[in-house]
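These are the residues of each chain, in order.
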Amino acid sequence: MPMLLNASDYRRRARRFLPRGLFEYIDRGSEDETALTRLRASLDAITLLPAVLTGRDRRDLDTVLFGRRLAAPLVVAPTALAGLVSHDGETKLARAASRVGIPVCISTQSVTTVETIRRGAPDALLWFQLYVWRDRALTARLLERASACGCDNLLVTVDTPVSPKREYNERNGFGIPFKPHLRSMLDVSLHPSWLFGVLARYLVSEGMPTYGHYPEAFRTAITRADIAESVRIEPRLSWDDMCWLREIWPGKLTIKGVLAVEDAERAVEIGADGVVVSVHGGRNLDCLPAPADCIPAIVGAVKGRLTILADSGVRRGTDVLKYLALGAEAVLLGRLPLWGLASGGEAGAEAILRMVLREMDTAMAFLGAHCVPALRNGRASELRN
Ligand SMILES: Cc1cc2nc3c(=O)[nH]c(=O)nc-3n(C[C@H](O)[C@H](O)[C@H](O)COP(=O)(O)O)c2cc1C
């Protein structure tokens, strides 16, 4: 087994294990992938200023988020189809996150239902990510299920009104439901470990994997346009919908995909508890600004009235520290846990999370920051180039 010492090692291993269509679905961006490049450039441009001679030799990463103590200011981000990366992948991610002491956010578009994930990971801190479906009654029913499973934070994703343009998915024949064609069949057959270790295990148990939360009729009769239409992501989503969700959702409400100060202020007005400053990992609109460039203004406007989370582009513990130093209270990790999952299942997901924690700890030692608030309040926040 090759040494997996950083995120690139895990990514390389994931690339070998996964069919190309699935690997690229996870790895790549949209259109010309300039958002991906911008994300890295923005994080790389940030420097952190250390405090020396602090007289301390231990760092504490624990943090209080939405009133709950966590082992670290990290969250496993919602990622559609994580269950394709490893058999039962979403439950494995939940168990890995639970062992590390951080929450995991289940996607509306997970392969495995929230009920099954809860059964497989009874101690996990579960959050739920919502794509609002056109049929609000079906949407409300889905939320009841998430709440009944103990999901205590709802992340409503508002940055995906339409399907992004990801040309490689079309070229690779990657789509849901999976429609076999020559290229994708060849791709799968060239990855026998995935074919037998993941796909075949679904085929012999529950059949072809698909979106587990979608109504039975949608999953079995995809050609029935009326059903597909009812669970289409609502393209006309508005602040009224957020008010409706605030009324019906009993837990914390966080809006994911906010970049403008005005939108963060609206989030406060409708009674949201948090926002995620995110560009969806550079997977949606290719000309969005980088979150690092948006966080300071949002923090300046709404700090103390909203919990501000961030994601996109994190590949090192130092990237997490940079988002924290800009004022985010926690950071979501999307691709990293998936690469860990592909590399070594549940143990791989846990290992990559622990690697990020170690990288954070080492960097905090260099920075003279003994705890997470010290990063936010200390010299590390006087840092932008
Ligand atoms: C394969 C994949 C699937 C994703 N699916 C969802 C999703 O279903 N809902 C959502 O809100 N965000 C989704 N995202 C975005 C992540 O939640 C997160 O914003 C992003 O991955 C963070 O960037 P990073 O991957 O660079 O860490 C997905 C990301 C990836 C990589």
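A brief report on the enclosed structure follows. (Residues numbered from 1 in each chain as written. Predicted model: local features only at pLDDT ≥ 70, side-chain atom pairs only at ≥ 80, totals over all residues. Heavy atoms only, no water.)

Notes on the overall build of the protein
Counting its secondary structure elements, the protein contains 17 helices and 10 strands. Its C-alpha radius of gyration of 20 Å places the protein within 12% of the 21 Å reference for a compact globule of 385 residues. Dimensions of the protein, computed from C-alpha atoms along their principal axes, come out at roughly 65 × 50 × 40 Å. The burial tally for the protein puts 56% of its 385 residues in the buried class. Contacts spanning at least 24 positions in sequence make up 73% of the contacts within the protein whose residues lie at least 6 apart. (Helix = DSSP H or I, 4+ residues; strand = E, 2+ residues; numbered from the N terminus. Rg over C-alpha atoms; globule rule 2.2 N^0.38 Å. Buried < 20%, exposed > 50% of the residue type's maximum accessible area, 1.4 Å probe, protein only. Contact = heavy atoms within 4.5 Å.)

A short note on unusual backbone geometry
Unlike most non-glycine residues, E31 shows phi in positive territory, near 40°. Looking at the secondary structure, you find E31 in the loop between α2 (20-27) and α3 (34-44). The exposure class assigned to E31 is partly exposed, which follows from its relative accessible area of 42%. Of note in this structure, S312 is not a glycine but carries a positive phi near 105°. Of the residues examined, S312 reaches a relative accessible area of 4% and is grouped as buried.

Here we look at the pattern of salt bridges
This structure, assessed with the given rule, holds 26 salt bridges. Where salt bridges share partners, they join R134, R136, E229, R232, E234, R236 and D241 into one cluster. (Salt bridge = Lys/Arg side-chain N within 4 Å of Asp/Glu carboxyl O.)

Remarks on the pairing of strand β9 (residues 307-311)
Within β9, five of the five residues are buried, which leaves it mostly tucked inside the rest of the structure. Burial of β9 is two-sided: the residues T307, L309 and D311 facing one way and the residues I308 and A310 facing the other way are all buried. Pairing analysis gives four bridges linking strand β8 (residues 274-277) to β9, with the strands arranged parallel. If you follow V277 over to β9, its bridge partner there is A310. (Pairing = 2+ DSSP bridges.)

Brief notes about helix α9 (residues 192-205)
Taking 1.5 Å per residue as the helical rise, α9 with its 14 residues ought to reach 20 Å, and the 18 Å between its terminal C-alpha atoms agrees with that figure. In α9, a bend of some 35° at L199 exceeds every other bend along the element. Turning to α9, the residues buried within the fold contact α1 (7-17), α2, α4 (89-100) and α8 (182-189). Among the residues trailing α9, G207 stands out with phi positive, at a value near 95°. (Expected span 1.5 Å × (residues − 1). Bend = angle between axes of the 7 residues up to and from the residue.)

Focus: the packing of aromatic side chains
Inspection of the entire model under this criterion finds four aromatic pairs. Centroid distance W133 to Y214: 4.9 Å. Interplanar angle 70°. Geometry classified as edge-to-face. Of this pair, W133 sits in the loop between β5 (126-130) and α6 (136-148) while Y214 sits in the loop between α9 and α10 (216-220), and the two are 81 residues apart along the sequence. Ring centres of Y211 and Y214 lie 4.9 Å apart, and the angle between their planes is 35°; on these two criteria the pair is classed as tilted. We note that Y211, like Y214, is buried. Taken together, the aromatic side chains of W133, Y211 and Y214 make up a single cluster linked through ring pairs. The ring of Y25 has R283 sitting right over it, with the charged end atom 4.9 Å from the ring centre. (Phe/Tyr/Trp six-rings, centres within 6.5 Å; stacked < 30°, edge-to-face > 60°. Lys NZ or Arg CZ within 6 Å of the ring centre and 35° of its normal.)

Topic: the site of the ligand
Inspection of the region around the ligand gives 23 residues, with P78, S107, T157, D311 and G313 positioned closest. K256 has a polar side-chain atom sitting 3.0 Å from an oxygen atom of the ligand. Within the backbone of G334, a nitrogen or oxygen atom sits 2.9 Å from an oxygen atom of the ligand. Mapped by element, the contributors of at least two residues to the shell around the ligand are α2 and α16 (335-367). Looking at the shell around the ligand residue by residue, the class counts come to eight nonpolar, 10 polar and five charged. (Near = heavy atom within 4 Å. Polar contact = N/O pair within 3.5 Å; in protein donor to acceptor, adjacent residues only side chain to side chain. Nonpolar A, V, L, I, M, F, W, Y, C, P; charged D, E, K, R; others polar.)

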